[in-house]
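Residue-level structural notes
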Amino acid sequence: LALDMGLGKTPTMLAHAAETAGHGPTLVVAPPAVVGNWAAEARRFTKRLRVVVHHGPARASAAGIPKMAERADLVITTYGTAIRDVDALSKISWNKVVLDEAQAIKNPTSETAQQLRRFDARNRIALTGTPIENGLGDLWAIIDWCNPGLVGARAQFIAQLSPSGTGKDGAESALRALNGILVFRRTKAEPAIAAELPDRIDELDHCAMTAEQIGLYQAVLDKLVIETADQDGTPKKKGAVLAAITALKQICNHPEAYLRQGGELDGRSGKLARLNEIVESVFQSEERVLIFTHFASWGEVLADHLTERYGMPIHCYHGGLARGARDQLVKDFQAGTGAGAMVLSLKAGGTGLNLTSANHVVLYD
């Protein structure tokens, strides 16, 4: 089920689970960030389903998993927990095994993809808003997990579905060819859906760097040139280049994101100055904004800065928080009214979260 983000993969799947309840339990494997959302949506849309969240230190033991499954219609777990408990979970005869954010198995040789093939299920269903992230091999991995061997070898699948063009055109052609057969897909570009959605306005801001940022940026480049001068394509050289790219991204965000010295933030980053302007404008309109960054540590600093600047609690949602704490942040933000903001790390908050109370999004990196 490859619907675009926000078009209802979770409630669609829950409705199907409710419709087929009584034929055995359904196992949902999802990223930790959306486990709470699955449980909340089940309570909201399918109240009669018996739901168990199998995650955390208090979860059922290996010996207790069969009894847990017997008493549940819907068991929700994370990819990490599913792999840790794979021996016990794979012995259960599931009616359905559902992978949410199924691009997690796009690499068919990964341990996650291999171990999830062990689950015994009458039906396997993959949910993803991004069935193709890097290439057609991603789509093959997801479909082959659902229907092992049905679409043939990976190389043959890619060759047959690749038009003369590659990249995005090839991906779209493949999805169109399979839609309604092995892939069920709706996009926000479809006229019936587009008519129900508010206009989306994309704005790209170019922010000038401060003198401090320019100096740090040049210093990283100079160091990279020296470090790689006598190396020719070695892993050490590649590592130096990747480290430099990360450092340059941090410097562009703010010198403090790179230096981590705990200094004053204002006046040192063109990007932060622009963010302050955006947040000021959003708050004056009594609206709400999400701010995404790759760097969780910088996100925490940013949240503290905005909290102090605007005199309201602004939190950072990141993978280091316990699931209960993350669920509470989402619940509080969704229930809030008027001016508000949340900072999120892309890895933890970039997929599957329902944060519909915000109507502005800033991609800070």
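Provided above is the structure to which this section pertains.
Throughout what follows, the structure given in this document is the object of discussion. (Residues numbered from 1 in each chain as written. Predicted model: local features only at pLDDT ≥ 70, side-chain atom pairs only at ≥ 80, totals over all residues. Heavy atoms only, no water.)

Scanning the protein chain from N- to C-terminus turns up 17 helices and nine strands. At 23 Å, the protein chain has a C-alpha radius of gyration in line with the 21 Å of a compact globule built from 365 residues. Across the 365 residues in the protein chain, those meeting the buried criterion constitute 44%. For the protein chain, the exposed surface amounts to about 19100 Å²; the carbon and sulfur share of it is 53%. The distance from the centre of the 39 positive side-chain charges to the centre of the 40 negative ones in the protein chain is 9 Å. (Helix = DSSP H or I, 4+ residues; strand = E, 2+ residues; numbered from the N terminus. Rg over C-alpha atoms; globule rule 2.2 N^0.38 Å. Buried < 20%, exposed > 50% of the residue type's maximum accessible area, 1.4 Å probe, protein only. Areas by Shrake-Rupley, 256 points an atom, 1.4 Å probe, with all protein chains shown as cover. Lys, Arg positive; Asp, Glu negative; His and termini not counted. Charge placed at Lys NZ, Arg CZ, Asp CG, Glu CD.)

Another aspect to go through is the packing of helix α11 (residues 211–228) against helix α12 (residues 235–253). Contact geometry for α11 and α12: axes closest at 10 Å, N-to-C directions at 180°. By the angle class used here, α11 and α12 are roughly antiparallel. Touching Gln-213, Leu-216, Tyr-217, Val-220, Leu-221, Leu-224, Glu-227 and Thr-228 of α11 are Lys-237, Ala-240, Val-241, Ala-244, Ala-247, Leu-248, Ile-251, Cys-252 and Asn-253, all from α12. Residue classes in the contact of α11 with α12 are distributed as twelve nonpolar, three polar and two charged. (Axes fitted to C-alpha atoms, helices over the stretch in contact; angles between N-to-C directions. Parallel < 35°, antiparallel > 145°, perpendicular 65-115°, else oblique. Contact = heavy atoms within 4.5 Å. Nonpolar A, V, L, I, M, F, W, Y, C, P; charged D, E, K, R; others polar.)

Below, the discussion takes up the environment of Gln-218. Inspection of the secondary structure puts Gln-218 in helix α11. Note on Gln-218: relative accessible area 41%, which makes it partly exposed. The spacing of Gln-218 and Leu-248 is 30 residues in sequence and 9.2 Å in space, taken between C-alpha atoms.

The final tally for this structure, using the stated rule, is 16 salt bridges. Across the salt bridge formed by Glu-133 and Lys-106, the nearest N and O atoms sit 2.6 Å from each other. Highlighted residues: Glu-133 in the loop between β5 (121–127) and α7 (136–146) and Lys-106 in the loop between β4 (94–100) and α6 (111–116), separated in sequence by 27 residues. Its relative accessible area of 25% is what places Lys-106 among the partly exposed residues. Its salt-bridge partner being Arg-268, residue Glu-212 comes within 2.9 Å of it at the nearest N-O pair. Separated by 56 residues along the polypeptide, Glu-212 in helix α11 and Arg-268 in the loop between α13 (255–259) and α14 (270–284) bring together distant segments of the chain. On the basis of relative accessible area, Glu-212 is assigned to the partly exposed category, the value being 29%. One continuous salt-bridge network, built from bridges that share partners, spans Glu-203, Asp-205, Arg-274 and Glu-277. (Salt bridge = Lys/Arg side-chain N within 4 Å of Asp/Glu carboxyl O.)

Relative to the helices and strands, Cys-207 resides in the loop between α10 (191–194) and α11. In the structure, Cys-207 is positioned 83 residues away from Leu-290 in sequence and 19 Å away in space, judged by C-alpha atoms. Apart from residues no more than four positions distant in its own chain, Cys-207 is found in contact with Gly-270, Lys-271 and Arg-274.

Another point: the sheet that holds strand β9 (residues 360–363). Ordered in space as β7-β8-β6-β9, the four strands form an open sheet in which the pairing is parallel. The open sheet has two edge strands with one neighbour each: β7 (315–317) and β9. Going from strand to strand, the sheet's axes swing by 25° on average, the running direction of each strand aside. With six bridges joining them, strand β6 (residues 288–293) and strand β8 (residues 340–345) adopt parallel strand pairing. Of the residues in β8, the one forming a bridge with Arg-288 is Gly-340. Along the sheet, α14 contacts β6, β8 and β9; its crossing angle with β6, the most-contacted strand, is approximately 155°. (Pairing = 2+ DSSP bridges.)

This next bit is on α7. Among the eleven residues of α7, eleven are classified as buried, and the element is accordingly described as predominantly covered. Those residues of α7 lying buried are Leu-136, Gly-137, Asp-138, Leu-139, Trp-140, Ala-141, Ile-142, Ile-143, Asp-144, Trp-145 and Cys-146.

A cluster of nonpolar residues, Val-241, Leu-242 and Ile-245, forms a patch on the protein surface that exposes about 250 Å² of accessible area. Of note, Val-241 is situated in helix α12. (Patch = residues over 30% accessible without salt bridge, like charges linked within 9 Å, V, L, I, M, F, W, Y side chains within 5 Å.)

None of the figures reported here should be taken as evidence of function without further support.
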